[in-house]
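What follows is the residue order along each chain.
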Amino acid sequence: MKGLTLFLGCVIPNRYPGIEMATRLCLAKLNIDCTDLEGASCCPAPGVFRSFDEPSWLAVAGRNIVLSEKLQRDILTICNGCFASLADANHMLKSDPVLRERTNEYLAKIGKEFKGNIEVRHIIEYLYRDIGTDIIRSHIEKPLKLRVAVHYGCHLLKPSKSRELGDSNRPEFFDELIECLGATSVDYPDKMECCGAGGGVRSALKDESLKMADHKLSRIKEAVIDCIVNACPFCHMQLDAGQEEIKQRTGVDYNIPVLHYTQLMGLALGFPPEALGIDLNVTNNGKFIEKIEEML
Amino acid sequence: MLCSLKRGTLKNVSNMPTIPQDDAFVLNEVKNACKNIFKCMQCGVCSGSCPSGRHTSLNIRKLVRKAAKTADVLHDEQLWMCTTCYNCQERCPRNIDIVDAVLMIRKVAVHEGIMHSEHRKVSELLLEHGHAVPIDKDNREKRIKLGLNELPETVHKYAEELEEVKILLTSCGFDRLLNRAGKKDAGSEEI
């Protein structure tokens, strides 16, 4: 099995570093061979940069891929946006000789060349397909008696023609990963609906974007859960920081803890909440942390 | 030209030094960018599947129709309300790559100098820092508290690697593209 490089992206190291720490702790505990991808940049974000200018999006994504090619390791992403950008760019550069030649002309200016000999992975599908729930279960130290609202996020699954992760309407693999930690994945209406952040909507049209988050949070609140668990820091930011932004606009205070999957997994593997940055959300997770500490 | 826009949300940079393009040329660009839009039979599965359309004025079915007809689509605020969730594309009975078309229409718009000021700011951050969301003081402290290095193992830590990203973006003309999209903040221009 080929080793991995950890692709951090922007939002995790620079806004939710707890997710970076949780990821590092989980990978080490599961003995997954993963090294840093030194000098990587923004993926660059698919919803904005890809639609502004494809050649530059592809060149910068190509450079990130080449950094990992040099190490002969597949890229491990922990963000749906980074996964979308890098997996799509990798596929395009592998399959389209014209795009590849053009991109390599740019990359030649920095002494690099795209060769097309590695894959781009997302930690959720990697854990599910390459590690498996049985092995994860065998590492659990603290089974989590929690009701979880899972949020897949769009770009983990779609466009399905380039994801090969099965049905994007009723997927189950992320739910299985939640349940192998001892938690219950609770069904809720509009479970597969978008958080509203993607495509540059959160950055340019915040009010419109938050209407979508508000709807999603209201549905989740009805399901009476302990936390939301996601696979993407941009969804994470929208559902966490978005709660404060919604409160300022509408007065509604959802007060729902939001965790990246690696943070939930970290709890099950026995790490304390503070080591995983669960106390560093915009939303106050104090009560959730108390519940975890009583449970452990 | 921008009558469909809410005042102050988008900026028209027609007063910037750009080559004037007539509508026929731009429409041709749009058509080339999304050829299979013409297969659309206006069934509405797309708009029925659209999470943004539930809460915003985005009507993706109408936007697709508009894109097939007129270059005015470039100035339509709805173009920027799509979160690229891909529901419409997954469910389209004619297998039209709707989101891919939206992305390509946006690309034509940006190359015509039409860009949200927030998107230009994010682009400038990428040009300057190699990250669309760069580190700040709070998160340097959070990193240290967590036991991580103050700066991540990215272009933030390695100046020569950041220089590579800058060379790439400049070679691709990304900086010139932003200059073409103007330097004034949204809302500061008459629309």
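Keep in mind that this is a model prediction, so the values were computed, not measured.

Peer 1: Help me understand the overall build of chain B, please; the structure alone is not making it clear to me.
Peer 2: For chain B, the count of helices and strands is ten helices and zero strands. Along its sequence from the N terminus, chain B presents helices and strands in the succession α-α-α-α-α-α-α-α-α-α. Per-residue burial over chain B gives 51% buried out of 191 residues. Summarising the internal contacts of chain B: among those between residues at least 6 apart in sequence, 70% fall at separations of at least 24. In the structure as shown, chain B presents an accessible area of about 8,700 Å², 50% of it carried by carbon and sulfur atoms.

Peer 1: What exactly am I supposed to notice about the UniProt feature "domain: Cysteine-rich" (unreviewed entry) in chain A here?
Peer 2: Here the UniProt-annotated "domain: Cysteine-rich" (unreviewed entry) positions come out as residues 5–86 and 148–240 of chain A. Counted over residues 5–86 of chain A, helix gives 60% and strand 12%. Its end C-alpha atoms are 13 Å apart.

Peer 1: Just to check I follow, could you spell out the interface of chain A and chain B for this structure?
Peer 2: Interface size, as often reported, equals the accessible area lost upon joining of the parts. At the junction of the two partners, chain A supplies 70 residues and chain B supplies 61 residues. Both faces considered, chain A and chain B share a buried interface measuring about 5,400 Å² in area, 62% of it formed by carbon and sulfur atoms. On the surface where chain A and chain B come into contact, there are ten salt bridges. Residues Arg-54 of chain B and Asp-190 of chain A are paired through a salt bridge, measuring 3.2 Å at the closest nitrogen-oxygen approach. Viewed at the interface, chain B and chain A are joined by 29 residue pairs in polar contact (both at pLDDT 80 or more). Secondary structure elements with two or more residues in the side of chain A that touches chain B: helix H1 (11–15), helix H2 (17–29), helix H3 (46–52), helix H4 (54–70), helix H6 (97–108), helix H9 (154–157), helix H11 (201–204) and helix H12 (206–222) of chain A.

Peer 1: I'm lost on the pairing of strand E3 (residues 74–77) of chain A in this one. Help?
Peer 2: All names here are of chain A. Every second residue of E3 is oriented toward a common face, with Asp-74 and Leu-76 on one face and Ile-75 and Thr-77 on the other, all of them buried. As paired strands, strand E1 (residues 4–7) and E3 are joined by four bridges and run parallel to one another. Its bridge partner lying in E3, Leu-6 is registered against Leu-76.

Peer 1: What is the right way to read the nonpolar core from this model?
Peer 2: As a rule of thumb, soluble globular proteins bury nonpolar side chains together. Formed by 158 residues in total, the largest nonpolar core has its most connected members in Phe-49, Leu-127, Phe-174, Leu-181, Tyr-261 and Leu-264 of chain A. Broken down by element, the residue count for this core peaks at nine residues, all from helix H6 (residues 98–111) of chain B. Once you skip the residues sitting within four places of it in the chain, Leu-264 of chain A turns out to touch Leu-144, Leu-146, Val-148, Ile-178, Leu-181, Cys-227, Val-229 and Leu-259 of chain A.

Peer 1: What is the right way to look at the sheet that holds strand E7 (residues 227–230) of chain A in this model?
Peer 2: Picture the strands of a sheet paired through backbone hydrogen bonds; they go either parallel or antiparallel. Residue and element names in this part refer to chain A. Strand order across the open sheet formed by four strands is E6-E5-E7-E8, with parallel pairing between neighbours. Two strands lie at the open edges of the sheet, namely strand E6 (184–185) and strand E8 (258–260), each paired on one side alone. Where strand E5 (residues 147–151) meets E7, four bridges bridge the pair, whose relative direction is parallel. Paired with His-151 across the bridge in E7 is Asn-230. Contacts from helix H14 (residues 261–268) reach E5, E7 and E8 within the one sheet, and its direction differs from that of E8 by about 85°.

Peer 1: Which parts of the structure should I look at to understand the domain arrangement of chain B?
Peer 2: When cut into domains, chain B gives domain 1 (23–111) and domain 2 (117–180). Computed from C-alpha atoms alone, the centre-to-centre distance between domain 1 of chain B and domain 2 of chain B is 31 Å.

Peer 1: Which parts of the structure should I look at to understand the sheet that holds strand E2 (residues 34–36) of chain A?
Peer 2: All names here are of chain A. Strand order in the open sheet made by the four strands is E2-E1-E3-E4, with parallel pairing throughout. The two strands at the open ends of the sheet, each matched to only one other strand, are E2 and strand E4 (120–122). For this sheet, the mean angle separating the axes of adjacent strands, direction not counted, is 35°. Judged from the three bridges that link them, E3 and E4 form a sheet pairing that is parallel. Counterpart to Ile-75 in the pairing with E4 is Val-120.

Peer 1: Where do I start with the domain arrangement of chain A in this structure?
Peer 2: Residue and element names in this part refer to chain A. According to the domain assignment, chain A consists of domain 1 (4–123) and domain 2 (133–295). Measuring from the centre of the C-alpha atoms in domain 1 to the corresponding centre in domain 2 gives 24 Å. Between domain 1 and domain 2, the contact holds 24 residues from the first and 31 residues from the second. At the boundary of domain 1 with domain 2, total buried surface from both sides reaches about 2,300 Å², with 72% on carbon and sulfur atoms.

Peer 1: Would you mind showing me how to read the packing of aromatic side chains here?
Peer 2: Each aromatic ring pair is described using two quantities: the centre-to-centre distance and the angle formed by the ring planes. Residues and elements named next belong to chain A. Applying the stated criterion to the full structure yields six aromatic pairs over all chains. Judged by centre distance (6.0 Å) and plane angle (90°), the ring pair of Phe-49 and Phe-52 falls under edge-to-face. Taken together, the residues span about one helical turn, with Phe-49 and Phe-52 both in helix H3 at a distance of three residues. Comparing Phe-49 with Phe-52, the two get one shared label, buried. Aromatic side chains Tyr-152 and Phe-174 sit 5.3 Å apart centroid to centroid with 90° between the ring planes, which places their arrangement in the edge-to-face category. Of the two residues, Tyr-152 is situated in the loop between E5 and H9 and Phe-174 in helix H10 (residues 173–179); the sequence distance between them amounts to 22 residues. Comparing Tyr-152 with Phe-174 shows no difference in burial state: the two are buried. An aromatic cluster is present here, built from Tyr-128, Tyr-152, Phe-173, Phe-174 and Tyr-261 joined pairwise through their rings.

Parameters at a glance
- Residues numbered from 1 in each chain as written.
- Chains lettered and ligands numbered in written order.
- Predicted model: local features only at pLDDT ≥ 70, side-chain atom pairs only at ≥ 80, totals over all residues.
- Heavy atoms only, no water.
- Helix = DSSP H or I, 4+ residues; strand = E, 2+ residues; numbered from the N terminus.
- Buried < 20%, exposed > 50% of the residue type's maximum accessible area, 1.4 Å probe, protein only.
- Contact = heavy atoms within 4.5 Å.
- Areas by Shrake-Rupley, 256 points an atom, 1.4 Å probe, with all protein chains shown as cover.
- UniProt positions renumbered as here; feature names shortened; annotations may be inferred.
- Buried area = accessible area lost by both parts, 1.4 Å probe.
- Salt bridge = Lys/Arg side-chain N within 4 Å of Asp/Glu carboxyl O.
- Polar contact = N/O pair within 3.5 Å; in protein donor to acceptor, adjacent residues only side chain to side chain.
- Pairing = 2+ DSSP bridges.
- Core = buried A, V, L, I, M, F, W, Y, C linked by side-chain atoms within 4.5 Å.
- Axes fitted to C-alpha atoms, helices over the stretch in contact; angles between N-to-C directions.
- Domains from an automatic or database assignment.
- Phe/Tyr/Trp six-rings, centres within 6.5 Å; stacked < 30°, edge-to-face > 60°.

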